[in-house]
Every structure is written in structure tokens, then in C-alpha cells.
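Coordinate analysis (summary)
Residues per chain, in single letters:
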Amino acid sequence: TIKKEGHVPRASLSQSINQIAASRQKHTLPDLTYDYGALEPHICAEIMQLHHSKHHATYVNNLNVTEEKYQEALAKGDVTAQVALQPALKFNGGGHINHTIFWTNLSPNGGGEPQGELMEAIKRDFGSFQKMKEKMSAATVAVQGSGWGWLSYDKESGRLHIAACANQDPLQGTTGLIPLLGIDVWEHAYYLQYKNVRPDYVKAIWNVINWENVSDRLQIAKK
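In this text, all values refer to a predicted model and were calculated from it rather than measured experimentally. (Residues numbered from 1 in each chain as written. Predicted model: local features only at pLDDT ≥ 70, side-chain atom pairs only at ≥ 80, totals over all residues. Heavy atoms only, no water.)

Topic: helix 4 (residues 116-126)
Think of an α-helix as 3.6 residues a turn; residues three or four steps apart then line up on the same face. Rules: Buried means the residue's accessible area, taken with a 1.4 Å probe over protein chains only, is under 20% of the maximum for its type, while exposed means over 50%, and partly exposed covers the values in between. Secondary structure elements are defined from DSSP: runs of H or I of at least 4 residues count as helices, runs of E of at least 2 residues count as strands, and each element is numbered from the N terminus. Read the arc as the range of directions from the helix axis to the C-beta atoms. Throughout, a residue-residue contact means that at least one pair of heavy atoms, one from each residue, lies within 4.5 Å.
For helix 4, the full list of buried residues reads Leu118, Met119, Ala121, Ile122, Asp125 and Phe126. Buried residues of helix 4, viewed axially, fall in a sector of 160°; they line one side. Those residues of helix 4 hidden inside the fold are in contact with helix 5 (129-141), strand 1 (147-154), strand 2 (159-166) and helix 9 (211-222).

Here is the structure:
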């Protein structure tokens, strides 16, 4: 039989879509390196369990579903469907990216002050560690509705910046800044323990910040 060039039978097109979907590695919920109760009294076990096993898991599941639909739209050349899926990709993809960073930014052995190059960069760009904390806390508390506060690295200028993002907008994907330290101020991150007093939660979280992880992220960002 002679096949016409450029003609893809419907059956083989759907097979191709299925193959793409099957071969694509699905996103998974990352394991925590500490127990849900390890950050108490600053963040209670119930919050950590719900936040990780329910909220983050939902972003991961919805991201996988959205990516499958997006692959189908790509395979069909359906640009309208691709555009329609982009908000869900940004929201769930951002939720997965942000939380994956967040869990590693926290540690039961955290708190205190950073050391070495990170501390030098903080002093250079903010004047002192205390000033950086105050500036980041203020920007994070001021997020309207839901969102994140970030300590970030600007690769172009080689300097540290404080930034805030709404909802689950991923910092690097929307601003170009590289995330080093994130504070989640969605109410699911603190409401069970701190109710509507967001400043108390932001103040408490500094006691469990994993500065080694933040320092490692700075080293990687500078490469």
C-alpha cells in the first residue's frame, strides 16, 4: 500500500498521543526529610501533614492531568486548547515548584543566622541580616490574599532581592529571579495554628529556616 505523505491516520495519531503520555515521566510528591511534627512548636504537625500530603499532592495530581491534556493538544496542533490550559499549568506547576523548594527551606535544626558567602551577600545587599529579615517579613505579610514572599538572586546584577508573588506564580518563571528562600502565606500554611494573624506565623518561621539549603541554592544560582 502507498501512504500519502503528510497523512496521519486517526488511529496512529491517537496511538502517538498515548505513547507520548505514557513515556512522559509523571511528577511525584517529594518526601520530606523530617517528620510532620519536627517543626513544632513553630509549625504544628497537623498543618504540615495537610499542607504536604493534601495541598501539595493536589498540585502534583492536577499538574500531571494538565500536562497530559497539553500533550494531546500539542499532538493535535490545537493551539486554542494549549492557550486555555496555560493558566492551570502555571497554577499547578507553580504550586509544585514552590512547595518543593519550601520543604527543603525548612529544618528542625534550622533558625539562627546564615554563614559564609550568603551572610556576606545579605550584608552587602541589605545592610544587615536583621534588615533583610525585616524587609522580607514586611513584603511577605503584605501579600494580598494568597501568595509567597521570596529571597531571590538576580543573575544579571549578581545581587539578592526580596520579591513577592501572588497565588502560586513561580518566581523564576514570572520574574527571572532565582528563588533561594520562600515563605508560603496561603492560609493553608498557617491558619490552623495562627488563625488570621499572619505576622505571628511569619515571625515564627524564621526559627526553622534551613540556611544551609538557602546557601546551597545561592551557590547553584551563581554558576
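Thoughts on unusual backbone geometry
Excluding glycine, residues mostly carry a negative phi; peptide bonds, for their part, are mostly trans. Glu40 connects to Pro41 through a cis peptide bond whose omega is 5°. With respect to the helices and strands, Pro41 occurs in the loop between helix 1 (10-23) and helix 2 (45-76). You will see that Asn167, though not glycine, has its phi angle at about 55°, which is positive. Structurally, Asn167 can be placed in the loop between strand 2 and helix 6 (171-175). At Lys195, a residue that is not glycine, the phi angle is positive and equals roughly 55°. Position of Lys195 relative to the elements: it lies in the loop between helix 7 (191-194) and helix 8 (198-205). Residue Lys195 is classed as partly exposed on the basis of its relative accessible area of 44%.

Thoughts on the packing of helix 4 against helix 5
Selection rule: Simply put, an axis is a line fit to the C-alpha atoms, just over the touching stretch for a helix, and the angle between two N-to-C directions goes from 0 to 180 degrees. Oblique is the label for any angle not covered by the other classes, which are roughly parallel (under 35 degrees), roughly antiparallel (over 145) and roughly perpendicular (65 to 115). When residues are grouped by polarity, Ala, Val, Leu, Ile, Met, Phe, Trp, Tyr, Cys and Pro land in nonpolar, Asp, Glu, Lys and Arg in charged, and all others, Gly among them, in polar.
Two elements in contact, helix 4 and helix 5, have axes whose closest approach is 8 Å; the angle formed by their N-to-C orientations is 70°. One way to sum up the angle between helix 4 and helix 5 is to call them roughly perpendicular. Side by side, helix 4 and helix 5 meet where Met119, Ile122 and Phe126 of the first sit next to Phe129, Lys131, Met132 and Lys135 of the second. When grouped by side-chain class, the residues that make up the contact of helix 4 with helix 5 number five nonpolar, no polar and two charged.

Examining the pattern of salt bridges
Just so we agree on the cut-off: What makes a salt bridge here is a side-chain nitrogen of Lys or Arg within 4 Å of a carboxyl oxygen of Asp or Glu, nothing more.
Under the counting rule described, the total for this entry stands at five salt bridges. For Lys222, the salt bridge is made with Glu117, and the minimal N-O distance between the two is 2.3 Å. Here Glu117 lies in helix 4 and Lys222 lies in helix 9, a separation of 105 residues in the sequence. By relative accessible area, Lys222 is classed as partly exposed at 40%. Using a relative accessible area of 36% as the deciding quantity, one classes Glu117 as partly exposed. In this structure, the salt-bridge partner of Arg159 is Asp125, at a minimum N-O distance of 3.0 Å. Of this pair, Arg159 sits in strand 2 while Asp125 is found in helix 4, placing the two residues 34 residues apart along the sequence. Through salt bridges with shared partners, one network takes in Arg124, Asp125 and Arg159.

Details of the environment of Gln115
Test applied: Side-chain atoms alone can form a polar contact between residues adjacent in sequence; in general such a contact is a pair of N or O atoms within 3.5 Å, and within protein one must be able to donate a hydrogen while the other accepts it.
Positionally, Gln115 belongs in the loop between helix 3 (79-105) and helix 4. The exposure class of Gln115 is exposed, given its relative accessible area of 62%. With 96 residues separating them along the chain, Gln115 and Trp211 place their C-alpha atoms 7.9 Å apart. Of the polar contacts made by the side chain of Gln115, one reaches the backbone oxygen of Glu113; its length is 3.3 Å.

Focus on the UniProt feature "binding site: Mn(2+)" (unreviewed entry) in the protein chain
This is how the line gets drawn: UniProt positions are given in the numbering used here, feature names are shortened, and annotations may be inferred rather than shown by experiment.
With numbering matched to this structure, UniProt assigns "binding site: Mn(2+)" (unreviewed entry) to His51, His99, Asp184 and His188. Over a stretch of 138 residues, the named residues converge on one spot in the fold, their C-alpha atoms separated by at most 12.3 Å. Looking at the secondary structure, you find His99 in helix 3. Residue classification places His99 among the buried residues on the basis of a relative accessible area of 0%.

Here we look at the packing of aromatic side chains
Operational definition: Whether two aromatic rings pair depends on their centres lying within 6.5 Å, for rings of Phe, Tyr and Trp, where Trp uses its six-membered ring; planes under 30 degrees apart make the pair stacked, over 60 edge-to-face, and the rest tilted.
Applying the stated criterion across every chain, the model contains nine aromatic pairs. Measuring from centroid to centroid gives 5.4 Å for Phe102 and Trp103, while their planes differ by 55°, and the two rings are tilted. Using a relative accessible area of 1% as the deciding quantity, one classes Phe102 as buried. Three or more aromatic residues joined by ring pairs make a cluster, and in this case those are Phe102, Trp103, Trp148 and Trp150.

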